[in-house]
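Inside the fold
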Amino acid sequence: MTDLLSMLANRADADPGQGLHDFAASLFPICRSITGDGVRQTLARLGERLPLEVVEVPSGTPVLDWTVPSEWNICDAYIRDAAGRKVVDFREHNLHVVNYSIPVRAKLPLTELKKHLFSLPDHPAWIPYRTSYYQESWGFCLTHRQLESLADGEYEVCIDSTLQAGSLTYGECVLPGTSDEEVLVSCHVCHPSLANDNLSGIVVAAALAELLRGTAHRFTYRFLFIPGTIGAITWLARNHDAVGRIRHGLVLTCVGDSGGFHYKKSRRGGAEIDRATAHILHHQSEGAKILDFSPYGYDERQYCSPGYDLPVGCLMRSVWGTFPEYHTSADNLDFLKAEALAESLQVCAGIFDVIENNHTYRNLKPHGEPQLGKRNLYRSVGGTNPKQIMLARLWVLNLSDGTNSLLDIAERSGLPFNEIRHAAESLMNADLLIPTISPERTTL
Amino acid sequence: MTDLLSMLANRADADPGQGLHDFAASLFPICRSITGDGVRQTLARLGERLPLEVVEVPSGTPVLDWTVPSEWNICDAYIRDAAGRKVVDFREHNLHVVNYSIPVRAKLPLTELKKHLFSLPDHPAWIPYRTSYYQESWGFCLTHRQLESLADGEYEVCIDSTLQAGSLTYGECVLPGTSDEEVLVSCHVCHPSLANDNLSGIVVAAALAELLRGTAHRFTYRFLFIPGTIGAITWLARNHDAVGRIRHGLVLTCVGDSGGFHYKKSRRGGAEIDRATAHILHHQSEGAKILDFSPYGYDERQYCSPGYDLPVGCLMRSVWGTFPEYHTSADNLDFLKAEALAESLQVCAGIFDVIENNHTYRNLKPHGEPQLGKRNLYRSVGGTNPKQIMLARLWVLNLSDGTNSLLDIAERSGLPFNEIRHAAESLMNADLLIPTISPERTTL
Amino acid sequence: MTDLLSMLANRADADPGQGLHDFAASLFPICRSITGDGVRQTLARLGERLPLEVVEVPSGTPVLDWTVPSEWNICDAYIRDAAGRKVVDFREHNLHVVNYSIPVRAKLPLTELKKHLFSLPDHPAWIPYRTSYYQESWGFCLTHRQLESLADGEYEVCIDSTLQAGSLTYGECVLPGTSDEEVLVSCHVCHPSLANDNLSGIVVAAALAELLRGTAHRFTYRFLFIPGTIGAITWLARNHDAVGRIRHGLVLTCVGDSGGFHYKKSRRGGAEIDRATAHILHHQSEGAKILDFSPYGYDERQYCSPGYDLPVGCLMRSVWGTFPEYHTSADNLDFLKAEALAESLQVCAGIFDVIENNHTYRNLKPHGEPQLGKRNLYRSVGGTNPKQIMLARLWVLNLSDGTNSLLDIAERSGLPFNEIRHAAESLMNADLLIPTISPERTTL
């Protein structure tokens with residue numbers, strides 16, 4: 001009986017969120033992109049914790065409507081002023097270079113240079129994050145204060161990067177369950193030093209995988225650590241069979257800031273993952289908001305494209321693009337909160353507890369109420385809320401006619417899924433309930 | 001054409017509610033329980049008014065998952081203090097004894113006695129109501145003031161009760177209609193001197209039965225006067241055929257206090273009885289509330305168990321358990337209001353008027369509007385609200401395509417069912433409408 | 001690609017509303033009724049602008065449940081006081097005579113005359129509008145001030161009217177499209193000098209027809225200029241085949257006052273015309289209200305009778321009967337606003353743009369997002385709102401699985417239909433989308 005929430009509650013670590021934050025901190029300095037050594041280094045760290053298969057797909061490989069791009073790597077980049085001082089230095093912050101900038105070495109007057117400089121006038125102390133994946137160009141990002149302090153004159157620019165045939169790299173961690181039906185957990189690993197938008201999803205997904213490794217589970221879990229868009233497209237192009245086995249899925253992103261939860265539903269809108277997540281957020285996290293699907297966002301865009309239409313939603317705390325720190329140097333390790341990461345892990349655990357245990361039962365004494373008193377199941381019950389425990393039993397008995405799953409019952413009764421699940425267990429133990437189909441025998 | 005509301009309006013009695021209250025008053029002193037002579041006495045009084053079949057089911061009879069219990073009767077009970085004074089006396093109020101207390105004669109010090117005493121510290125002048133049906137024990141209920149006035153010392157307790165093989169008793173009044181499809185009206189008769197929770201349902205159900213006896217009706221009505229839970233279970237166990245004929249049903253309870261109406265929907269949620277009751281309450285009683293089904297409450301729990309799933313809801317004024325007088329001596333004849341009982345009867349009459357007359361018709365001139373003017377059906381109409389009368393006719397003509405019942409039309413138009421029904425009658429008389437199926441020929 | 005809104009926007013006329021108002025002004029003085037020369041004169045004016053077939057149906061012809069009535073015409077009518085002065089004169093205002101008054105020449109004392117006089121005490125300067133179509137009688141309408149100024153004494157009344165065998169006249173303008181599926185636009189032409197209630201619908205319908213004549217369109221459009229009720233019934237009785245081809249329809253009435261829009265849904269409630277109109281009003285006109293169907297109102301009553309159940313709604317600005325000027329002389333050319341007429345025409349154009357272009361497409365690259373960047377369809381777009389343009393493309397791609405029409409997509413995305421339509425066009429041009437069925441080949 002998978003019970004991830006109890007496992008989390010019973011764990012020894014005094015502060016589980018701190019462990020997540022520490023892992024994020026160790027990944028923070030790496031200069032990731034959609035290809036290149038930054039992704040490989042990140043996956044290497046994940047591989048120390050998880051059974052991770054690292055996949056390399058050569059540049060030029062056709063993937064669905066796209067082509068795997070050239071691989072980008074970077075050693076150094078800077079702008080020197082006329083006096084030879086580095087006024088912008090990639091080694092100080094990897095956001096200083098427009099991601100995927102082609103190599104350049106040149107001397108330019110400030111007016112020419114400025115065409116390649118990006119800053120945020122509204123947040124003069126922050127460096128913006130910019131990319132140029134699919135059109136060859138180069139540029140530097142800097143704080144607006146830096147920009148304004150640049151005197152007229154000639155500048156030397158150097159971007160010591162390579163953009164050439166190589167491969168796209170992604171990591172895949174598969175945890176087999178008793179069934180070959182799959183749950184997909186996907187997060188992107190393509191952002192350089194950005195914490196909430198990138199690392200929060202990675203560390204929570206990794207912790208979830210570690211948690212699942214420690215217990216029996218029904219579903220096979222597949223964790224994807226992939227570059228955004230092109231990574232998801234590459235994976236989809238290469239995994240036709242696995243796609244057909246996906247029953248539920250979550251994209252994890254921006255799950256580390258202190259904002260309230262937001263869940264963006266799958267294209268289907270009423271998929272079990274949508275209902276399970278809404279249920280858990282309703283009961284576990286006050287003020288959470290459920291958003292309708294839209295075809296813009298993270299890799300749910302790909303998983304929910306009409307040819308796949310997978311039941312994959314996107315779990316966030318603050319919604320990308322709505323907080324000012326998004327895609328700037330202010331999305332840093334201070335912006336990431338240990339307790340927020342821990343809570344996100346708990347929510348995911350709650351969701352997968354629902355998915356794992358959402359069976360449908362049949363009441364074996366469906367005519368009238370069975371006499372719970374003689375079975376010590378009526379009132380004479382322990383627990384912190386004996387009335388709720390009894391109510392949950394009555395709801396499970398009443399609705400278990402073979403058509404209502406435990407999640408259906410939890411939704412209709414307004415009681416938490418866990419209470420309903422425990423009621424079903426006690427009724428099973430009293431031979432009042434049987435599952436309609438042995439879930440272990442579920443195959444495709 | 002069944003028209004219970006008109007029958008009620010045209011009755012001679014100046015104050016119909018007073019008659020209901022008087023009947024309740026005559027039943028109030030009887031010490032009822034789930035078995036025993038109190039139920040028999042109550043049914044005897046009902047039998048003076050209604051054609052009542054009284055059924056005795058022997059102790060030990062298996063009924064669904066339950067067993068008919070031993071029969072309980074009581075003659076006397078008291079507590080005497082050291083001076084020989086009765087400090088608690090069953091003959092003063094039958095709530096003083098825990099219902100189903102086993103016989104006891106003993107002398108006890110106050111400390112021991114207190115383990116068997118129950119009071120309400122928050123309502124120090126009220127006696128609580130307690131039962132001990134399914135575990136053998138004994139006890140006294142008393143006001144908190146009584147409890148606090150007990151001096152230390154030895155007390156003599158006497159409960160002159162019997163708990164032995166006998167039978168469970170219930171009453172059944174069947175009023176045959178033109179169809180053998182049935183409407184079930186069920187109320188519990190197992191509470192001792194409690195007025196709203198017990199007697200209000202009994203007297204309203206009895207008055208409804210008397211009303212129906214005085215007119216032709218389509219459905220066969222079955223009124224059950226039964227002990228709660230075990231009575232419903234016993235009846236269900238013994239009446240498989242009748243169960244299959246039930247088309248609509250109401251549990252009546254707590255219909256005599258001055259609170260607003262509450263209707264708890266059947267498990268099905270959208271059954272005709274649910275819609276009819278919601279419609280009548282909406283039009284007849286301001287502020288009524290419709291509650292979703294839950295598997296806790298009165299005998300709708302049994303009728304709506306998944307093996308039966310009968311379309312049976314529960315009509316209440318104040319909801320049991322939510323008013324302080326509930327299950328105390330304050331639920332007495334003062335708490336019961338004549339006008340509230342009369343209004344409850346009216347609501348039931350309105351509901352059964354809907355159920356009886358909710359036919360589906362077909363417009364015989366469905367192409368364009370028939371010319372109502374030449375039939376004297378357009379505007380040139382009497383009544384207190386000629387515009388509403390005409391609107392009702394247009395609605396009935398427009399929606400009577402053989403798929404909409406009169407209740408469907410009432411709901412969509414927002415007009416009262418009675419207005420819609422009268423419109424259908426006038427259109428029938430003008431040969432503009434025919435019923436889709438002769439309701440008289442409806443059989444199972 | 002039908003684009004009526006662009007055609008309207010690109011038209012030369014500086015003030016399109018003024019043209020509509022001028023046309024209404026030219027029709028205002030004509031004394032129309034449900035039959036007679038007033039209708040013929042009105043249709044003759046329409047025939048100068050549109051290819052109009054004028055149909056005459058003889059009195060006495062049975063039409064559905066009705067009979068075409070005798071034809072009514074009027075030359076003159078007045079009331080003279082004892083001094084021979086005309087105190088009420090039809091030639092001053094055609095509302096002065098109760099429409100369909102039988103001929104009369106008589107002398108009457110004031111007390112007798114008053115039985116035939118109608119005024120509005122609450123609006124003493126306005127003349128009411130009254131009819132007496134289906135019972136033979138006569139009367140005069142006058143301002144309450146006129147009524148009060150009448151001195152006792154004898155009066156001479158003259159109504160120089162004829163009510164005799166003739167015909168009912170209506171006009172029909174059919175604009176063939178590539179498909180023989182039809183769109184019905186219906187307005188009544190039976191009111192005398194009333195502007196909003198009558199002329200507003202006529203002039204907007206005529207302008208719509210003129211607009212449609214200037215462009216290719218898919219549907220065949222049928223404009224009916226008919227007497228209310230009996231005209232619709234007559235047309236329905238005679239056009240069984242055309243009725244079967246109607247796919248969408250609008251009744252236009254009261255579309256010229258300065259109030260906000262109201263759309264009354266068809267009996268079906270969720271017909272495409274209902275959704276298209278709600279969508280356009282939501283995006284084009286703030287504060288518009290959508291009303292549920294009811295079987296009372298204009299000729300949607302006939303089109304939505306159960307034997308036809310056509311998807312025909314009713315577009316209004318202020319709802320008939322809810323503004324004080326309704327059916328009085330105050331519903332005049334001042335009450336009719338040029339800009340309101342122009343806006344009503346725009347709304348109709350928007351609605352028919354939706355109806356014409358609401359195709360269903362299939363995404364030819366449904367697996368993952370197609371790479372829009374390489375097709376210059378991602379961000380690198382012009383327009384006033386590039387982000388909305390890109391979003392519209394993503395929505396169309398995501399939902400175009402062959403089951404969602406463009407209107408479905410507009411509704412779900414919350415984007416205006418036009419944006420969705422343009423997105424579909426650009427995706428078609430990029431070979432990313434094909435229609436599921438060539439709409440040109442749609443036949444019945």
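Remember, predicted model here, so these are calculated numbers, not experimental data. (Residues numbered from 1 in each chain as written. Chains lettered and ligands numbered in written order. Predicted model: local features only at pLDDT ≥ 70, side-chain atom pairs only at ≥ 80, totals over all residues. Heavy atoms only, no water.)

So, about the overall build of chain A. Scanning chain A from terminus to terminus reveals 14 helices and 19 strands. In terms of overall dimensions, chain A has C-alpha extents of about 90 × 40 × 35 Å along its principal axes. Looking at chain A residue by residue over its 444 residues, the buried ones come to 59%. Element-wise, carbon and sulfur atoms account for 47% of the exposed surface of chain A, whose accessible area totals about 16800 Å². Side chains of chain A carry 40 positive and 52 negative charges; the gap between the two charge centres is 4 Å. (Helix = DSSP H or I, 4+ residues; strand = E, 2+ residues; numbered from the N terminus. Buried < 20%, exposed > 50% of the residue type's maximum accessible area, 1.4 Å probe, protein only. Areas by Shrake-Rupley, 256 points an atom, 1.4 Å probe, with all protein chains shown as cover. Lys, Arg positive; Asp, Glu negative; His and termini not counted. Charge placed at Lys NZ, Arg CZ, Asp CG, Glu CD.)

All right, on to the sheet that holds strand E14 (residues 262-264) of chain A then. Residue and element names in this part refer to chain A. Taking strand neighbours across the sheet as the criterion, the eight strands line up as E1-E10-E12-E11-E13-E16-E14-E15 in an open arrangement whose pairing is mixed. Strands at the two margins of the open sheet, each flanked by one partner only, are strand E1 (53-58) and strand E15 (289-291). With strand direction ignored, the average angle separating the axes of adjacent strands in the sheet is 20°. The pairing of E14 with E15 spans three bridges and is classified as parallel. Within E15, the position partnered with His 262 by the bridge is Lys 289. Set on the sheet, helix H3 (residues 37-47) makes contact with E1, strand E10 (167-175) and strand E12 (220-226); between it and E10 the angle comes to about 15°. Helix H11 (residues 338-357) contacts strand E11 (182-188), E12, strand E13 (246-252) and strand E16 (312-316) of the sheet and is inclined by roughly 175° relative to E13. (Pairing = 2+ DSSP bridges. Axes fitted to C-alpha atoms, helices over the stretch in contact; angles between N-to-C directions. Contact = heavy atoms within 4.5 Å.)

Turning our eyes to something else, we now look at the pairing of strand E5 (residues 86-89) of chain B. Bridge count for strand E4 (residues 71-80) of chain B against E5(B) is three bridges, and the pairing is antiparallel. The residue of E5(B) that forms the bridge with Arg80(B) is Lys86(B).

This part takes up the interface of chain B and chain A. Taken together, the contacts link 18 residues of chain B with 23 residues of chain A. Between chain B and chain A, roughly 1800 Å² of surface is buried when both sides are summed, and carbon and sulfur atoms account for 49% of that area. Together, Asp65(B), Pro295(B) and Tyr296(B) form the three largest contributors to the area buried by chain B at its contact with chain A, with a combined 37%. Viewed at the interface, chain A and chain B are joined by five salt bridges. Between Lys365(A) and Asp65(B) there is a salt bridge; the shortest N-O distance is 3.8 Å. Where chain B meets chain A, there are 14 residue pairs in polar contact (both at pLDDT 80 or more). Its residues placed into classes, the side of chain B that touches chain A shows 10 nonpolar, five polar and three charged. (Buried area = accessible area lost by both parts, 1.4 Å probe. Salt bridge = Lys/Arg side-chain N within 4 Å of Asp/Glu carboxyl O. Polar contact = N/O pair within 3.5 Å; in protein donor to acceptor, adjacent residues only side chain to side chain. Nonpolar A, V, L, I, M, F, W, Y, C, P; charged D, E, K, R; others polar.)

Put simply, the two copies of the chain differ by a rotation about an axis and a shift along that axis. Rotating chain B by 120° about the axis while translating it 0.0 Å along that axis superimposes it on chain A, leaving an RMSD of 0.0 Å. What the superposition gives is, in effect, a three-fold axis relating one chain to the other. Closest approach to the rotation axis within chain B is made by the C-alpha atom of Gly270(B), at a distance of 13 Å. (Least-squares fit on C-alpha atoms with pLDDT ≥ 70 in both.)

Time to look at the sheet that holds strand E13 (residues 246-252) of chain B. Residues and elements named next belong to chain B. With mixed pairing, eight strands are arranged side by side in an open sheet as E1-E10-E12-E11-E13-E16-E14-E15. Edge positions in the sheet fall to strand E1 (53-58) and strand E15 (289-291), since each of these pairs with one other strand and no more. With direction set aside, neighbouring strand axes in the sheet form an average angle of 20°. Judged from the six bridges that link them, E1 and strand E10 (residues 167-175) form a sheet pairing that is antiparallel. In the sheet register, Val 55 faces E10, and the bridge partner there is Tyr 170. Across the sheet, helix H3 (residues 37-47) is in contact with E1, E10 and strand E12 (220-226); its angle to E10 comes to roughly 15°. Along the sheet face, helix H6 (residues 195-213) touches E10, strand E11 (182-188), E12 and E13 and points at about 155° away from the line of E12.

Moving on, we come to helix H2 (residues 16-27) of chain A. An α-helical segment advances 3.6 residues per turn. Residues three or four places apart therefore align on the same side. Residue and element names in this part refer to chain A. Taking 1.5 Å per residue, 12 residues should reach 16 Å; H2 reaches 17 Å between its end C-alpha atoms and fits that length. Along H2, the positions that sit buried rather than exposed are Gly 17, Leu 20, His 21, Phe 23, Ala 24 and Leu 27. An end-on view of H2 places all buried positions within 160° of arc, on one side of the element. For H2, the elements touching its buried residues are H3, helix H6 (195-213) and H11. (Expected span 1.5 Å × (residues − 1). Arc of directions from axis to C-beta.)

This brings us to the packing of helix H13 (residues 406-413) of chain A against helix H14 (residues 417-429) of chain A. All names here are of chain A. Close contact between H13 and H14 brings their axes to 9 Å; oriented N to C, the two are set at 125°. On the basis of the axis angle, H13 is oblique to H14. For H13 against H14, the interelement crossing comes out right-handed. Between H13 and H14, the residues in contact are Leu 406, Leu 407, Ile 409, Ala 410 and Ser 413 and Phe 417, Ile 420, Arg 421 and Ala 424, respectively. Counted by class, the contact of H13 with H14 contains seven nonpolar, one polar and one charged residues. (Parallel < 35°, antiparallel > 145°, perpendicular 65-115°, else oblique. Left-handed = near helix turned anticlockwise from the far one by under 90°.)

Attention now moves to the interface of chain C and chain A. The partner chain A presents 18 residues to the 23 residues of chain C that form the contact. Buried surface at the junction of chain C and chain A, both sides included, amounts to about 1800 Å², of which 49% is carbon and sulfur. Considering only the surface of chain C that becomes buried against chain A, His367(C), Glu369(C) and Asn398(C) emerge as the three largest contributors, covering 35% of it. Here chain C is connected to chain A by five salt bridges. Between Arg301(A) and Glu369(C) there is a salt bridge; the shortest N-O distance is 2.5 Å. The interface formed by chain C and chain A contains 14 residue pairs in polar contact (both at pLDDT 80 or more). Among the elements of the structure, helix H12 (386-399) and strand E18 (401-405) of chain C are those that each provide at least two residues to the side of chain C that touches chain A. Of the residues forming the side of chain C that touches chain A, the biggest block, eight residues, is contributed by H12(C).

Per the domain assignment, the segments of chain A are domain 1 (4-68 + 167-357), domain 2 (71-164) and domain 3 (360-435). Once you take the C-alpha centre of each, domain 2 of chain A and domain 3 of chain A turn out to be 64 Å apart. (Domains from an automatic or database assignment.)

Quick look at the pattern of salt bridges now. Using the criterion set out here, one finds 75 salt bridges over all chains in the structure. The closest approach of N and O atoms between Lys374(B) and Asp65(C), which form a salt bridge, is 3.8 Å. Highlighted residues: Lys374(B) in the loop between strand E17 (360-363) and helix H12 (386-399) and Asp65(C) in the loop between strand E2 (62-63) and strand E3 (66-67), drawn from two different chains. Judged by its relative accessible area of 49%, Lys374(B) falls in the partly exposed class.

On to the packing of aromatic side chains. Counting across every chain of the model gives 36 aromatic pairs over all chains. With a centroid separation of 6.1 Å and 80° between ring planes, the pair formed by Tyr133(B) and Tyr134(B) is classed as edge-to-face. In this structure Tyr134(B) comes out as partly exposed when scored by relative accessible area, which is 41%. A ring pair is formed by Trp320(C) and Tyr326(C), whose centres lie 6.1 Å apart and whose planes are at 45°; its orientation type is tilted. (Phe/Tyr/Trp six-rings, centres within 6.5 Å; stacked < 30°, edge-to-face > 60°.)

Disulfides are covalent bonds that link the sulfur atoms of two cysteine residues. One pass over the full model with this rule turns up zero disulfides over all chains. Cys187(A) provides the cysteine sulfur closest to Cys348(A), a residue in no disulfide bond, and the two sulfurs are 10 Å apart. Looking at Cys173(B), it has no disulfide partner, and the nearest cysteine sulfur is the one in Cys187(B), 11 Å off. (Disulfide = S-S within 2.5 Å.)

Turning next to the confidence of the model for chain A. Parts of the prediction with low pLDDT should not have their coordinates interpreted in detail. Residues and elements named next belong to chain A. Of all residues in chain A, 97% have pLDDT values of 70 or greater, and the mean over the chain is 95. A low-confidence stretch, residues 439-444 stays under pLDDT 50, and its non-local contacts, those more than four residues away or across chains, total 10 contacts. If you check the scores for this complex, the pTM reads 0.94 and the ipTM reads 0.94. (pLDDT = per-residue confidence, 0-100.)

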